[in-house]
Amino acid sequence: MPTSDTAGLADFTLGMTGGLALAAAIFVAAFNPAIGFPLAGLGLGALLWRYQRRERLLASKTADLERSVRHLEAAEGLAGIGRWCIEYPEKRHLWSEEMCHIAGLSAGTAPSKALLARIMPEGLSQLEVTLDAHASDTEPFVAEFELIHPSGGPRILRARARYVFSREGERECVFMVVRDNSEEYASVREAEIEKQRALKLAEEARREANTDALTGLASRRAIMSALDRAVLDAHKSGKAFSVVVIDVDHFKRINDRHGHAVGDRVLSKLAEIAIHQARGADRVGRMGGEEFLWLLPDCDEDAAKDAAERLRWAIEVGTHSAPVPQVTISAGHATLGEGEGALSLFARADKGLYDAKRSGRNRVIRAA
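Residues numbered from 1 in each chain as written. Predicted model: local features only at pLDDT ≥ 70, side-chain atom pairs only at ≥ 80, totals over all residues. Heavy atoms only, no water.

*Asks:* Please provide a residue-by-residue account of the pattern of salt bridges, values included.
*Replies:* Scanning all chains against the criterion turns up 18 salt bridges. Between Glu87 and Arg92 there is a salt bridge whose closest N-O contact spans 2.7 Å. Given the relative accessible area of 41%, Arg92 is considered partly exposed. For Asp256, the salt bridge is made with Lys252, and the minimal N-O distance between the two is 2.9 Å. Taken together, the residues Asp256 and Lys252, both in helix 8 (residues 251-258) and four residues apart, mark about one turn of the helix. Accessibility assignment for this pair places Asp256 and Lys252 in one class, exposed. Connected through shared salt-bridge partners, Glu203, Arg206 and Arg207 make up one network. (Salt bridge = Lys/Arg side-chain N within 4 Å of Asp/Glu carboxyl O. Buried < 20%, exposed > 50% of the residue type's maximum accessible area, 1.4 Å probe, protein only. Helix = DSSP H or I, 4+ residues; strand = E, 2+ residues; numbered from the N terminus.)

*Asks:* If you had to explain the layout of surface pockets to someone new, which residues and values would you point to?
*Replies:* Regions of empty space are outlined by a rolling probe, equal in size to a water molecule, passed over the atoms. By volume, the largest pocket amounts to about 170 Å³. Residue lining of the largest pocket: 14 residues in total, with Ala230, Asp233, Phe241, Pro297 and Asp298 positioned closest to the centre. Of all the secondary-structure elements, those providing two or more residues to the lining of the largest pocket are helix 7 (220-237) and strand 8 (291-297). If you tally residues by element for the lining of the largest pocket, the top one is helix 7, at five residues. Looking at the lining of the largest pocket residue by residue, the classes come out as eight nonpolar, one polar and five charged. (1 Å grid on protein atoms, 1.4 Å probe; cavity = no way out; pocket = protein on both sides within 12 Å on 5 of 7 lines; lining within 4 Å. Points joined across faces, edges and corners; volume = space filled by probe spheres on them. Nonpolar A, V, L, I, M, F, W, Y, C, P; charged D, E, K, R; others polar.)

*Asks:* Run through empty space enclosed by the protein, naming residues and quoting values.
*Replies:* The final tally for this structure, using the stated rule, is one cavity of 30 Å³ or more. For the largest cavity, the full set of lining residues is Ile86, Tyr88, Lys91, His93, Leu124, Leu127, Glu128, Leu131 and Asp132. Top element by residues in the lining of the largest cavity is helix 5 (residues 123-133). It accounts for five residues. In terms of residue class, the lining of the largest cavity is made up of five nonpolar, one polar and three charged.

This is the structure in structure tokens:
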């Protein structure tokens with residue numbers, strides 16, 4: 001980007017040229033009889049001294065300016081910030097050496113229109129849209145755009161920009177300080193990926209905690225939570241609510257005779273049959289071992305007994321025709337009483353289950 005050092009060097013050159021020309025004129029005058037030697041003798045030394053002094057001052061200012069430019073470029077390099085200026089109305093692009101580094105270009109590469117179209121096939125229009133949107137802004141604004149870096153793929157550049165206006169209010173140029181923001185974007189993307197991964201793991205953990213791994217039914221924790229909510233809903237709505245507690249008859253005998261792997265297949269088959277017997281709003285969960293809990297909202301005592309009997313019969317028939325040992329179940333059912341809590345309801349159904357077992361198994365008994 002042209003800076004004031006270039007102008008200073010030009011002034012210095014013009015000063016040198018003018019000084020030499022004037023010195024030559026004085027030298028001619030010194031030997032011109034029409035002017036006279038005394039004038040030349042008195043004025044030549046003073047004028048030469050003045051121009052030598054001016055040359056020294058110009059050289060000192062030029063050196064200071066060059067040093068300031070080097071310091072600025074070093075600071076830009078350390079900060080990773082480049083300067084980019086667009087002059088209006090011709091839209092001439094100028095930028096600093098650090099912009100060449102940011103863009104992956106050789107030092108001194110000028111931002112020609114052909115170059116910008118090549119390295120910013122999408123980014124140039126992105127930048128222009130943002131600049132046009134802020135065409136009348138007098139305050140700084142931010143622009144982000146893409147640049148294709150030769151070392152590999154697109155880079156995201158972020159510029160803080162500000163317009164310079166003429167006294168008539170016309171845009172003279174927009175000045176931008178630019179940095180490569182790709183790593184920050186990559187960090188944000190990585191953080192988002194990690195967040196999604198963590199959410200997925202949390203969801204899987206929640207699902208595992210709420211799902212019985214063997215049968216796919218609700219776990220004890222999940223089914224008891226569902227029981228609490230269903231009891232509250234039933235009390236609010238005034239609708240009937242019933243539960244059925246199920247236990248496989250002589251399950252220990254199956255494990256001892258056929259092994260635990262076969263016992264697991266029996267439980268999986270029982271869960272499959274229970275799901276087919278359940279209605280859409282029902283929930284079935286495994287309490288642990290061979291015991292299951294079936295929640296039946298909007299279901300009175302008689303309907304609960306019929307549902308439990310259908311399930312008992314379906315399991316007896318279904319396991320007879322399946323490649324697993326045939327089993328039967330015992331079940332107890334209970335219907336929610338006025339003001340009754342979830343634990344009390346479950347305890348009554350569970351007592352009905354054990355009454356069924358004591359009565360000979362393979363039967364359904366209503367809780368007292």
